[in-house]
Amino acid sequence: MNTAVAVADFRTYPLISALGGVQGLADRVVIEWADGRVSPFHHVWLRDNCPCDQCVYSVTREQVFESVDAAEDLQALATRIDTDGCLRIDWQDGHLSRFDPGWLRAHAYDDESRAERLAGKPQPHLWHSDLQLPVFDYTALMNDNAALLQWLLAVRDIGLTQVRGVPTEPGSLKLIAQRISFIRESNFGVLFNVQSKADADSNAYTAFNLPLHTDLPTRELQPGLQFLHCLVNDAEGGESIFVDGFAIADALRQEEPQLFEALCEIPVEFRNKDRHSDYRCLAPIIAVDALGRVAEIRMANFLRGAFDTSVAQMPLLYRAYRRLIAMTRAPRFRLMQRLKPGEMWCFDNRRTLHARNAFDPATGARHFQGCYVDRDELLSRVLVLQR
């Protein structure tokens, strides 16, 4: 990035290619890059993204200009490449805009640039039962930002990690979760204790088998990351089981696309209530993003309400739902491991379904602590560490 040019961004953009030529048309500017690529930029887009200190407050780097503040038919009087190699535009209303070539290339929206940008976005690494589990050391994560970044990238891209060497004193989990960001509180608390108890307000607080599920599907926004820290695990049973919900959704989409579409389109209600709360959320089991990629799985059979859809769709929904559960039980997808004291799971709760085998509390104590951090906080921390 040319430091002589003020840009409205905290990030830097490498000079991939210099501006080779510029042509002004009636409603746009066409740039020919030195490497031969051609990128058109509409006048309305360029004026909207002007980085000058009249349009962007230099302290916060946030825009103060709104596109409606300029004439709808605003024209460029002069367009050229200046001595700093930047694009300079003199507007009809007297305003001046200057654009750094690194920033322009990073934001170009010609087909080739957009395809390149999409290909460069992080892609989830889909996994099955043979996953080589990413394992990290607690002390390194607490003291080394490079190690922290590698852990967070694994959480982002794989969705399941284990940390070893965590102190077994109650509350220790809070320190490592806060290496990412603040903890998301729920009706179960900031930290919740996973122990069998007589007055349980969730099946998680029993000794029962827990089928594969995501936590809090009853919320409009499910927690992004879940942490489960083992303090004591002397009881027989209680092994942790995981599947990659994205891998299952991908397999379902390829094997039975009609059932995949049904789970993306037909909403299901999830409910959780006790004496003091009553949470309900109506949403599809599989959510896709604006590009059609699987972005979220919402699943917990023990929190599911009765299906409520049309007469025509009800058989289809049941076929799709039964198929999904059958796939979560397939050995090809399932990873199982018993957690030891001082070990911790950290996984993407909106992707990785987790389960627990039943355990016998008469054979020994079992005490886990858990908490949540939103996925947005993970992604933000990764970007800051990568600067």
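Residues numbered from 1 in each chain as written. Predicted model: local features only at pLDDT ≥ 70, side-chain atom pairs only at ≥ 80, totals over all residues. Heavy atoms only, no water.

With respect to the UniProt feature "domain: Gamma-butyrobetaine hydroxylase-like N-terminal" (unreviewed entry) in the chain
Stage number 1. Taken from the UniProt record, the annotation "domain: Gamma-butyrobetaine hydroxylase-like N-terminal" (unreviewed entry) applies to residues 28-104.
Stage number 2. Within residues 28-104, the helical portion is 13% and the strand portion 39%, while the C-alpha atoms at the span's ends are 14 Å from each other. (UniProt positions renumbered as here; feature names shortened; annotations may be inferred. Helix = DSSP H or I, 4+ residues; strand = E, 2+ residues; numbered from the N terminus.)

Thoughts on the packing of helix α8 (residues 257-265) against helix α9 (residues 314-328)
How two helices sit against one another is set out by the angle between their axes and by the gap between those axes.
Stage number 1. The N-to-C vectors of α8 and α9 enclose an angle of 100°; their axes lie 9 Å apart at closest approach. As judged from the angle between their axes, α8 and α9 are roughly perpendicular. Two secondary-structure elements touch here, α8 through Gln 258, Leu 259, Ala 262 and Leu 263 and α9 through Leu 316, Leu 317, Arg 319, Ala 320, Tyr 321, Arg 323 and Leu 324.
Stage number 2. Each residue belonging to the contact of α8 with α9 can be placed in one class, and the counts come to eight nonpolar, one polar and two charged. (Axes fitted to C-alpha atoms, helices over the stretch in contact; angles between N-to-C directions. Parallel < 35°, antiparallel > 145°, perpendicular 65-115°, else oblique. Contact = heavy atoms within 4.5 Å. Nonpolar A, V, L, I, M, F, W, Y, C, P; charged D, E, K, R; others polar.)

Quick notes on the nonpolar core
Stage number 1. With 33 residues, the main nonpolar core has Leu 263, Ile 285, Ile 286, Ile 297 and Phe 333 as its most contacted residues.
Stage number 2. Only β15 (240-244), α7 (245-255), α8, β16 (268-273), β19 (294-297), α9 and β22 (352-356) provide two or more residues apiece to this core.
Stage number 3. In this structure, Phe 333 is in contact with Trp 127, His 128, Ser 129, Phe 242, Val 243, Ala 247, Ile 248, Ala 251 and Met 327, ignoring residues within four places of it in sequence. (Core = buried A, V, L, I, M, F, W, Y, C linked by side-chain atoms within 4.5 Å. Buried < 20%, exposed > 50% of the residue type's maximum accessible area, 1.4 Å probe, protein only.)

A closer look at the environment of Asp 308
Stage number 1. Relative to the helices and strands, Asp 308 resides in the loop between β19 and α9.
Stage number 2. Distance from Asp 308 to Ile 266, taken between C-alpha atoms, is 9.2 Å for residues 42 residues apart in sequence.

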